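Next come the chains, spelled out residue by residue.
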Amino acid sequence: MHLDATFYAFVGLILFFVLIAYLKVPGMVGKALDARAEKIGNELTEAKRLREEAQGLVAEYQRKRKDAEAEAAGIVAAAQREAEMLTAEAKQKTEEYVARRTALSEQKIKRAESDAINAVRSAAVDLAIAAAEKVVAAKADAGAQNDLFKKALGDVKARLN
């Protein structure tokens, strides 16, 4: 038999495989692969849990956002209603104020008109009395004046009794 390089390479290969089997390298490689597979599986499980947790948080924040938007819409609606009420109240108060001021002005005008009419009447009466005195004084003599005075005095006494 020839002992050439091929034979020694073959013997070296067999010794290598025996040494690998003796040192239990395939078991160690299997354990290492199993440990790595388990680590990857744990990481995937953790990633899945984190993803589910993140989705829960997203859903919760979206719900909170919707609640906040609904609350903000309610606040805006309440503010609009309050503004409308305040506007209506201010308009009503303004109209009442204008009506009161108008009525007060009309009363003042009526009072001034009445005072003016009374002043004109009083002046007219005073003027008529003065004119009547002049006419009576001019036309009546002393005897007629005494008769008129006595008659007027008698009328006053009759009315007082």
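Analysis parameters
- Residues numbered from 1 in each chain as written.
- Predicted model: local features only at pLDDT ≥ 70, side-chain atom pairs only at ≥ 80, totals over all residues.
- Heavy atoms only, no water.
- Helix = DSSP H or I, 4+ residues; strand = E, 2+ residues; numbered from the N terminus.
- Rg over C-alpha atoms; globule rule 2.2 N^0.38 Å.
- Buried < 20%, exposed > 50% of the residue type's maximum accessible area, 1.4 Å probe, protein only.
- Areas by Shrake-Rupley, 256 points an atom, 1.4 Å probe, with all protein chains shown as cover.
- Salt bridge = Lys/Arg side-chain N within 4 Å of Asp/Glu carboxyl O.
- Phe/Tyr/Trp six-rings, centres within 6.5 Å; stacked < 30°, edge-to-face > 60°.
- Patch = residues over 30% accessible without salt bridge, like charges linked within 9 Å, V, L, I, M, F, W, Y side chains within 5 Å.
- Expected span 1.5 Å × (residues − 1).

The next subject is the overall build of the chain. A count of helical and extended segments in the chain gives 3 helices and 0 strands. Along the chain, helices and strands appear, N-terminal first, in the series α-α-α. Taking 161 residues into account, the globule formula puts the C-alpha radius of gyration at 15 Å, and the chain, at 63 Å, lies well above it. Considered along the principal axes of its C-alpha atoms, the chain spans approximately 200 × 35 × 15 Å. Per-residue burial over the chain gives 1% buried out of 161 residues. Element-wise, carbon and sulfur atoms account for 63% of the exposed surface of the chain, whose accessible area totals about 14,500 Å².

The subject of this paragraph is the pattern of salt bridges. Under the defined criterion, the tally for this structure stands at 6 salt bridges. A salt bridge links Glu 46 to Arg 49, with the shortest nitrogen-to-oxygen separation between them at 2.4 Å. Taken together, the positions of Glu 46 and Arg 49, both in helix H2 (residues 25–139) and 3 residues apart, correspond to about one turn of that helix. Classification of Glu 46 by relative accessible area gives partly exposed; the value is 36%.

On to the environment of Ala 21. Within the secondary structure, Ala 21 is located in helix H1 (residues 5–22). Given the relative accessible area of 52%, Ala 21 is considered exposed. Expressed as a C-alpha distance, the spacing of Ala 21 and Arg 81, which sit 60 residues apart in the sequence, is 88 Å.

Counting across every chain of the model gives 2 aromatic pairs. Between Phe 7 and Tyr 8, the aromatic rings sit 5.8 Å apart at their centres with planes inclined by 70°, giving edge-to-face as the arrangement. Exposure remark for Phe 7: the relative accessible area of 30% places this residue in the partly exposed category. An angle of 55° between the planes, with centres 6.0 Å apart, marks the rings of Phe 16 and Phe 17 as tilted.

Here we take up a nonpolar patch on the surface. A cluster of nonpolar side chains, contributed by Phe 10, Val 11, Ile 14, Leu 15 and Val 18, occupies part of the molecular surface with about 440 Å² of accessible area. With respect to the helices and strands, Ile 14 occurs in helix H1. A relative accessible area of 38% places Ile 14 in the partly exposed class.

As a further point, take unusual backbone geometry. Here Lys 24, not a glycine, exhibits a phi torsion of approximately 60°, which is positive. Along the chain, Lys 24 falls in the loop between H1 and H2.

This part takes up the environment of Val 125. With respect to the element layout, Val 125 can be found in helix H2. Here the alpha-carbon distance between Val 125 and Ala 103, two residues 22 residues apart in the chain, equals 32 Å.

Here H1 contains 18 residues, and its C-alpha end-to-end distance of 25 Å stays within 8% of the 26 Å for a straight helix at 1.5 Å per residue. Just downstream of H1 lies Lys 24, where phi reads positive at about 60°.

Scope: geometric values only; no functional claims are made or implied.
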